[in-house]
Amino acid sequence: MEITRLVDTYLSWPKQALLSINEWGKYRVEGDFDEILITGMGGSGIVGDYVQVLSASKGATPVYVNKSHLIPSFVSEKTLVIIVSYSGNTIESIKALERALKTRGKVVTVSSGGALKDISTRHGLLHVQVPPGLLPRASLPAMLYAILGLLDSSGITIVSKDEALESVAFLEKTTPSCIEIGEEIASWLFEMIRENRLFVIATHSPYDPLAIRGKNEFNENSKLVAKVDIAPEWMHNDIVGYEFPVPSKFAVLEILDPADSVGAKLVEFMDRVYRLLDAQVYRLELKGSTLLERLVYGSLVLGLASVYLGVKRGVDPATTKSIAMYKSEASKIFSS
Ligand code: F6R
């Protein structure tokens, strides 16, 4: 895929999200569920993490995230199991689906096609279709808003259609600032890499999935190793590693929600520790009036920054050779 097409895909996130929101109400499941299990890998699995924090902040139903070929033993007829794989062909997600079908859970699949869709048709499962032809990681809004729509239409409201629409209007309005900040982060990080610094993404709860998503984006689009530091858990383990660290040079991207005073103070505390180590720091303040807005805003900034950095490094942001190499062997691994 050409780089400009990848950038365009990120820039068209508001349109991509709207396509899913236009289908709000089309997909629904009947039932009274005690919990939701979302299972998927990589760029698909992260959608589960986003739904989990959104639900924890104002939903009523616990969401569990599973990034595995295994299915947890608690799944019962009171569990809604959502299997999400953009391609529909990821072996771990297919195995999880096969295992889920042996439980009494209500199983729904989300994909652009592939084996997940075929198996769903064969078993009469509800299959949520997302548009094909994109890279999984660049189709975050398609999958996220499709799942939020499925849940709301099934009586499990985490985000209402109106809130979803407002978040898209917000994302559209802030896209120019996402481009500008994305370029700035890419230029900063490019210099940091030249100084052989280890890249760290630091944030505070509940932005755990945003930091992990950022790490994944820099791994895949920029071909860069990254570490994730999340406060307040960081204060109970990682901090000790920084007493005598190897390597000892860091470039820290601090992500914080300025409206969250405790979160901001936690990041201030981390900042003091990083600076004692002569780390270089870039601070990203999240914009948006809801958690959903801040998550999509942060995701777009990090997605664009990671593509721009890949271009600066002379790598192809779109290609992920090592994932392909793993996938070509994975069916052998899972057949044993
Ligand atoms: C590729 C990407 C990967 C995939 C992962 C699972 O853009 O982000 O992390 O998401 O290999 O594949 P899918 O999403 O097709 O199940």
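Figured I'd write up the structure that's included with this text. In this text, all values refer to a predicted model and were calculated from it rather than measured experimentally.

### Focus on the pairing of strand β2 (residues 63-66)
Consideration 1: Pairing of strand β1 (residues 35-39) with β2 involves four bridges; the strand directions are parallel. What sits directly across from I38, in β2, is V65.
Consideration 2: Between the parallel pair β1 and β2, the chain is carried across by helix α3 (residues 42-58), and the sense of this crossover is right-handed.

### A look at the site of the ligand
Consideration 1: Residues in contact with the ligand amount to 13 residues; listed here are only the nearest, S44, S85, S87, T90 and R137.
Consideration 2: Contact between the ligand and S85: an oxygen atom at 2.6 Å from a side-chain N or O atom of the residue.
Consideration 3: In this structure, Y86 approaches the ligand through a main-chain N or O atom, which is 3.4 Å from an oxygen atom.
Consideration 4: Burial of the ligand by the protein amounts to 93% of the accessible area it has alone, namely 400 Å².
Consideration 5: Elements with a contribution of two residues or more to the shell around the ligand: α3 and α12 (321-335).
Consideration 6: Considering every element that reaches the shell around the ligand, the biggest residue donor is α3, with three residues.

### Focus: the nonpolar core
Consideration 1: The biggest cluster of nonpolar side chains holds 84 residues, and the ones touching the most others in it are V51 and L189.
Consideration 2: By residue number, the principal contributor to this core is helix α11 (residues 291-313), which donates 13 residues.
Consideration 3: In contact with L189, other than residues within four places in its own chain, are F199, F218, L224, A251 and L309.
Consideration 4: Residues M235, V252, L256 and V267 belong to the second largest nonpolar core, which totals 17 residues.

Analysis parameters
- Residues numbered from 1 in each chain as written.
- Predicted model: local features only at pLDDT ≥ 70, side-chain atom pairs only at ≥ 80, totals over all residues.
- Heavy atoms only, no water.
- Pairing = 2+ DSSP bridges.
- Helix = DSSP H or I, 4+ residues; strand = E, 2+ residues; numbered from the N terminus.
- Right-handed = clockwise from strand over helix to strand, strands pointing away.
- Near = heavy atom within 4 Å.
- Polar contact = N/O pair within 3.5 Å; in protein donor to acceptor, adjacent residues only side chain to side chain.
- Areas by Shrake-Rupley, 256 points an atom, 1.4 Å probe, with all protein chains shown as cover.
- Core = buried A, V, L, I, M, F, W, Y, C linked by side-chain atoms within 4.5 Å.
- Buried < 20%, exposed > 50% of the residue type's maximum accessible area, 1.4 Å probe, protein only.
- Contact = heavy atoms within 4.5 Å.

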